[in-house]
Amino acid sequence: MERAKENSFIYADPRKCLGCKNCELACAIAHADCDLQTAVTQGLQLQPRNSVVQVDDMVMPMQCRQCEDAPCALACPIGAIYQEDGLVKINEKNCVGCKVCVMVCPFGAITIRADKKEGGNSRTKKAKARKCDLCYSRIKDNKEKSCACIEACPTKAIMLIDLESYRNKLFKTRAKELAEAHTHK
Amino acid sequence: MSNKNSVDPSVDQLLSIASKEGIETVWDRFEAMKPQCGFGELGICCRICWKGPCRIDPFGNGPQRGVCGADAHTIAARNLIRMLAAGAAAHSEHGRHVALTLLEVGEGHALAYQIKDEQKLKSIAEKLNLAPAGKDIKQVAKEVALASLEDFSRQKSSIPCNWAKETMTAERVDKLIDLGVMPHNIDAVVTQIMGRTHVGCDADAVNVLLGGLKGALADYTGMYLSTELSDVLFGTPEPVVTTANLGVLKEDAVNIAVHGHNPVLSEIVCDVALKMNEEAKKAGAKEGINIVGICCTGNEVMMRRGIPLATNYLSQELAIITGAVDAMVVDVQCIMPSLTGLAECFHTEVITTMQENKITGATHIEFHEDSAFDSAKKIVELAIDAFKRRDNAKVNIPDSKQTAIAGFSAEAIMAALSKVNAKDPLKPLIDNIVNGNIQGIALFAGCNNPQTIQDHNFMTIAKELAKNNVLMLATGCGAGAFAKNGLMTQEATEAYAGDSLKAVLTTIGKAAGLNGPLPLVLHMGSCVDNTRAVKVAVAIANKLGVDLDKLPLVASAPEAMAEKAVAIGTWAVALGLPTHIGIVPQIMGSSVVAEFLTEKAKDLLGGYFIVETDPKKAADKLFNAIKERRKGLGI
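Values in this document were obtained by computation on a predicted structure and should not be read as measured data.

Draft legend 1. Region of interest: the overall build of chain B. What chain B contains, in helices and strands, is 26 helices and 16 strands. Taken against the 2.2 N^0.38 rule, which gives 26 Å for 635 residues, the C-alpha radius of gyration of chain B at 24 Å falls within 12% of a compact globule. A principal-axis box enclosing the C-alpha atoms of chain B has dimensions of 65 × 65 × 50 Å. Buried residues in chain B amount to 63% of all 635 residues. Considering only intrachain contacts with a sequence separation of at least 6, the fraction spanning at least 24 residues in chain B is 76%. For chain B, the accessible area works out to roughly 22700 Å², and carbon and sulfur atoms hold 51% of it. Counting 62 positive and 72 negative side-chain charges, chain B places the averaged centre of each group 3 Å from the other.

Written as structure tokens, this is what we have:
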């Protein structure tokens with residue numbers, strides 16, 4: 001049987017991040033099915049699933065790390081959070097907005113927000129748990145596209161990490177260095 | 001690659017050479033620049049103090065005010081009017097240069113220059129109430145120059161600029177004075193914009209925008225005097241048949257491209273080059289010297305001398321990639337800083353000429369009016385030297401070359417109309433507008449922009465409006481687009497004009513001795529010459545006794561880019577014209593600014609902006625605006 005692969009995840013290099021927040025704009029737009037000008041003209045209150053955070057003199061976007069043993073999935077009382085297709089998914093239809101996932105997420109990567117267009121009423125605010133879905137629906141239909149935040153980053157600080165190839169690259173680089181050191185080249 | 005970057009066939013041809021040789025052009029840089037910053041795109045990034053940079057979250061999650069407290073509306077409005085100020089400054093510096101040159105001529109200096117159109121000088125003097133009758137022509141020149149320079153120096157803010165007040169309808173002048181947006185001094189208004197947008201000053205977005213309107217009208221003033229005084233010094237354009245597109249370069253000639261905007265330099269280069277033809281032949285150029293134009297300097301010399309237009313803004317780099325341009329002489333505005341790097345791959349001399357406009361890597365030959373001939377001679381000599389170094393293996397001149405009928409100054413249009421009705425030249429035009437043979441008039445202006453396929457918006461909208469019998473005028477890189485792509489021909493009129501428009505253009509064209517119709521689009525000059533169209537419009541308005549905002553007139557800058565275009569579009573709105581822009585302006589992050597420009601301006605001024613990136617839809621919207629105006633007039 002084939003071994004299950006680790007989930008890929010978004011990684012940002014704080015040394016390259018300028019804090020411009022274009023990844024936030026791109027993320028919000030990517031999940032709204034419209035372009036920036038239209039969204040702003042129509043006054044849509046879109047919600048990005050990432051957040052550019054500054055701590056001291058370091059700045060970088062934070063988003064879901066697609067944990068392998070995800071606390072959010074374990075904690076969700078509805079069972080609306082689950083592993084599928086190499087990422088942690090939220091079934092927004094079933095979510096009741098109880099915020100347990102927000103509390104247990106070690107990265108603060110989950111928000112509970114309503115899409116303005118869904119519109120609440122006095123009985124429900126229609127808010128759902130939302131987080132980075134690696135642009136699953138965007139990429140599914142168009143293999144040429146990568147995640148919106150990656151495409152939007154002007155300094156290429158954001159990457160989609162495939163753990164296996166990432167480790168392989170590390171192995172090879174370090175192995176080469178070690179081998180050279182041992183053979184006194 | 002075809003049709004992706006431009007509808008101009010020579011572009012694809014030369015870009016394939018560029019990509020093979022690894023030469024980078026504007027289109028490569030545009031791709032590399034993507035994605036462009038969303039905050040900048042929406043106009044809600046503020047960089048006017050060092051507490052920032054600040055940006056407003058357009059979706060309401062993050063900050064809604066900058067560190068100082070400015071909201072999206074204040075920020076977008078301030079950013080916009082600073083662009084307007086820069087546009088006004090660019091045009092008006094050009095105007096000042098021409099006015100100072102005229103003053104030199106009036107005082108008997110600057111021997112390279114003369115008064116080429118005395119009649120026009122006198123009529124300007126009349127317009128400015130300077131009573132020219134009986135005065136020596138140099139005295140008149142001096143007085144006109146000084147009256148024009150007064151528009152840069154008047155301190156009493158209750159007295160409007162001469163060139164603004166005397167060139168609009170009386171009703172419009174009153175309206176603009178009432179709104180407090182009539183400029184009294186071009187320099188002061190530009191300075192005021194910079195001052196009121198400093199941190200902690202004008203924060204009411206609408207008031208900021210009114211300041212911008214004043215800046216746009218200062219731009220109008222500077223442009224108007226620039227065009228009119230250039231006509232005095234270099235001649236008022238008359239219809240001329242010439243050619244356009246990169247096929248105008250000649251393999252066996254020393255090709256000198258004049259590029260930029262200011263005719264004060266290029267006119268003298270043309271004069272001197274004519275005299276140095278033999279030297280070019282001696283250097284091996286069988287056909288001597290071939291001067292071609294790029295951008296609006298190109299339009300200036302095309303209008304007055306019938307010099308062929310090589311290309312417009314976006315494809316300026318391709319002129320060098322032909323390997324056949326020996327010297328590119330540049331003055332001011334819209335000159336890509338990339339040119340000198342490109343020229344390193346070829347033999348081309350890029351020559352800068354203005355003290356305040358240098359490019360690293362260019363040869364600088366500073367140009368002054370009093371030694372104009374000497375500088376021009378040095379420039380032509382450099383071109384001939386460069387020709388000797390030309391590598392023929394690298395020469396790739398595209399075949400594309402179109403006939404272009406240019407030279408339609410307001411005076412030339414009136415002259416053509418007077419051939420139909422000598423006593424009342426405007427009558428045939430007005431009659432045909434009233435009876436609907438001509439549905440309205442559209443002025444195309446503005447730039448190229450890689451955000452859209454080069455020239456595509458111009459061509460698409462013009463063909464649609466032609467079908468609907470709209471008379472079309474063009475300036476700047478819009479005019480360049482039509483010239484390069486064959487819409488300034490009689491054949492285009494035959495092919496695209498609606499029946500009634502075709503009939504009118506044919507009657508006037510035949511009467512004017514063109515042996516056929518006028519071209520489909522009338523070339524009115526460079527971008528600084530948009531006021532030529534205003535001159536015609538004001539004449540029509542005065543004749544009908546209505547203000548400009550009642551006439552079926554529209555303007556379109558479908559591929560706008562420069563701050564100058566922002567200023568031109570805004571004064572077109574201030575004069576009462578529905579004005580289309582085909583590029584989304586960097587203001588949409590503020591609903592107040594967007595609403596003011598596209599809706600509220602209509603109540604205030606009659607003119608308003610129409611933002612539409614789809615050229616077919618834009619043509620519909622422009623035609624609807626024309627129909628609305630016709631309905632208003634009851635015609």
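Draft legend 2. Just empty space enclosed by the protein, in detail. Residues and elements named next belong to chain B. Considering all chains together, one arrives at 12 cavities of 30 Å³ or more under this definition. Quantified by volume, the largest cavity comes out at close to 160 Å³. The wall of the largest cavity is formed by 15 residues, among which A533, V534, A537, L553 and L577 lie closest to the centre. Broken down by secondary-structure element, the contributors of at least two residues to the lining of the largest cavity are β11 (440-444), α23 (530-544), β14 (553-557) and α24 (563-575). Sort the elements by how many residues they give to the lining of the largest cavity and α23 lands first, with four residues. Among the residues making up the lining of the largest cavity, the classes are represented as 15 nonpolar, no polar and no charged.

Draft legend 3. Structural context of the sheet that holds strand β12 (residues 470-475) of chain B. Residue and element names in this part refer to chain B. Read across the sheet, six strands follow the order β13-β12-β11-β14-β15-β16 without closing on themselves; strand pairing throughout is parallel. At either end of the open sheet lies a strand with only one pairing partner, and these are β13 (521-525) and β16 (608-611). Direction aside, the axes of adjacent strands within the sheet are offset by 25° on average. For strand β15 (residues 578-581) and β16, the ladder comprises four bridges, and the chain directions are parallel.

What counts, and where the lines are drawn
Residues numbered from 1 in each chain as written. Chains lettered and ligands numbered in written order. Predicted model: local features only at pLDDT ≥ 70, side-chain atom pairs only at ≥ 80, totals over all residues. Heavy atoms only, no water. Helix = DSSP H or I, 4+ residues; strand = E, 2+ residues; numbered from the N terminus. Rg over C-alpha atoms; globule rule 2.2 N^0.38 Å. Buried < 20%, exposed > 50% of the residue type's maximum accessible area, 1.4 Å probe, protein only. Contact = heavy atoms within 4.5 Å. Areas by Shrake-Rupley, 256 points an atom, 1.4 Å probe, with all protein chains shown as cover. Lys, Arg positive; Asp, Glu negative; His and termini not counted. Charge placed at Lys NZ, Arg CZ, Asp CG, Glu CD. 1 Å grid on protein atoms, 1.4 Å probe; cavity = no way out; pocket = protein on both sides within 12 Å on 5 of 7 lines; lining within 4 Å. Points joined across faces, edges and corners; volume = space filled by probe spheres on them. Nonpolar A, V, L, I, M, F, W, Y, C, P; charged D, E, K, R; others polar. Pairing = 2+ DSSP bridges. Axes fitted to C-alpha atoms, helices over the stretch in contact; angles between N-to-C directions.

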